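# Observations on chain architecture
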Amino acid sequence: MENIDERPLGTKTNPHYHGDKVRVFFFLSAVLMIMGLPFFKSILSISASSVLLTAVIMIIFAGLTNPKQAWVSFVNTLISLFGFVIFEYAAITHFNYASYLFFIMTQGLALLFLFALYYSVKTIRGFYLLNK
């Protein structure tokens with residue numbers, strides 16, 4: 001059995017790399033944001049172009065995510081953190097004032113970002129563990 005310390009950093013055999021999962025969570029989040037935009041644009045406190053730009057940025061970083069560059073995982077962690085906070089805040093503050101469907105959508109997006117945050121942090125931890 002191969003020792004984990006002998007594995008090259010950022011290969012698919014690295015058990016600490018979870019960027020593929022983060023990529024899927026970002027992609028799903030961007031798709032949900034774009035699909036929900038026509039239905040909820042009157043409820044949002046930001047412009048439609050801001051939502052579209054955010055979705056494009058998420059898709060770009062999903063595409064950039066790879067096991068060789070730690071900086072992308074750091075950016076993914078920040079995107080995940082901000083996405084979770086923003087969508088969970090929206091779910092909580094609009095719970096009594098917006099439609100039930102809006103609450104489900106924002107809560108679902110918050111959960112996707114929470115999972116992305118978890119796996120992004122695990123990936124960063126893997127970069128540190130394997131560089132020791």
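From a predicted model like this one, the values you see are computed outputs, not experimental measurements. In this numbering scheme, every chain counts its residues from 1 along its sequence in written order. Whole-chain, interface and lining totals are the exception, using all residues; otherwise, since this is a predicted model, local features are given only for residues with pLDDT of at least 70 and side-chain atom pairs are given and counted only at 80 or more. Only hydrogens and water are set aside when side-chain values are computed; all heavy atoms of the structure are taken into account.

## Some thoughts on the overall build of the protein chain
Under the DSSP-based scheme used, a helix requires at least four consecutive residues in state H or I and a strand at least two consecutive residues in state E, with every element numbered from the N terminus. Helix and strand content of the protein chain: four helices and zero strands. Only protein chains enter the area calculation, which uses a 1.4 Å probe; residues under 20% of their type maximum are buried, those over 50% are exposed, and those in between are partly exposed. Counting every position in the protein chain, which comprises 132 residues, the buried fraction comes to 41%. Within the protein chain, contacts between residues at least 6 apart in sequence are counted, and of these 72% link residues at least 24 apart. Surface accessibility follows the Shrake-Rupley procedure with a 1.4 Å probe radius. Residue values consider only the protein chains on display as shielding. With the model as given, the accessible surface of the protein chain reaches about 8,000 Å², and the carbon-plus-sulfur share is 72%. In this analysis, two residues are considered to be in contact whenever any of their non-hydrogen atoms come within 4.5 Å of each other.

## What about helix α3 (residues 70-93)?
To estimate how far a helix should reach, multiply one less than its number of residues by 1.5 Å. When the terminal C-alpha atoms of α3 are compared, their 35 Å separation across 24 residues agrees well with the 34 Å that a helix rising 1.5 Å per residue should span. Taken residue by residue, α3 has Val72, Ser73, Asn76, Thr77, Ile79, Ser80, Gly83, Phe87, Glu88, Ala90 and Ala91 as its buried positions.

## Side note on the packing of helix α2 (residues 48-64) against α3
The description of two packed helices rests on the angle between their axes and on the distance between the axes. The N-to-C vectors of α2 and α3 enclose an angle of 150°; their axes lie 10 Å apart at closest approach. Read as a crossing pair, α2 and α3 show a hand that is left-handed. Of α3, the residues touching α2 (which contributes Met58, Phe61 and Leu64) are Trp71, Val72, Val75, Asn76 and Ile79. Three classes are used: nonpolar for Ala, Val, Leu, Ile, Met, Phe, Trp, Tyr, Cys and Pro, charged for Asp, Glu, Lys and Arg, and polar for all others, with Gly counted as polar. Within the contact of α2 with α3, the residues separate by chemical class into seven nonpolar, one polar and no charged. All axes are obtained by fitting lines to C-alpha atoms, using only the stretch in contact for helices, and the reported angles, taken between N-to-C directions, cover 0 to 180 degrees. Left-handed is the label given to a crossing in which the near helix is rotated counterclockwise from the far helix by less than a right angle, and right-handed is the label when the rotation is clockwise.

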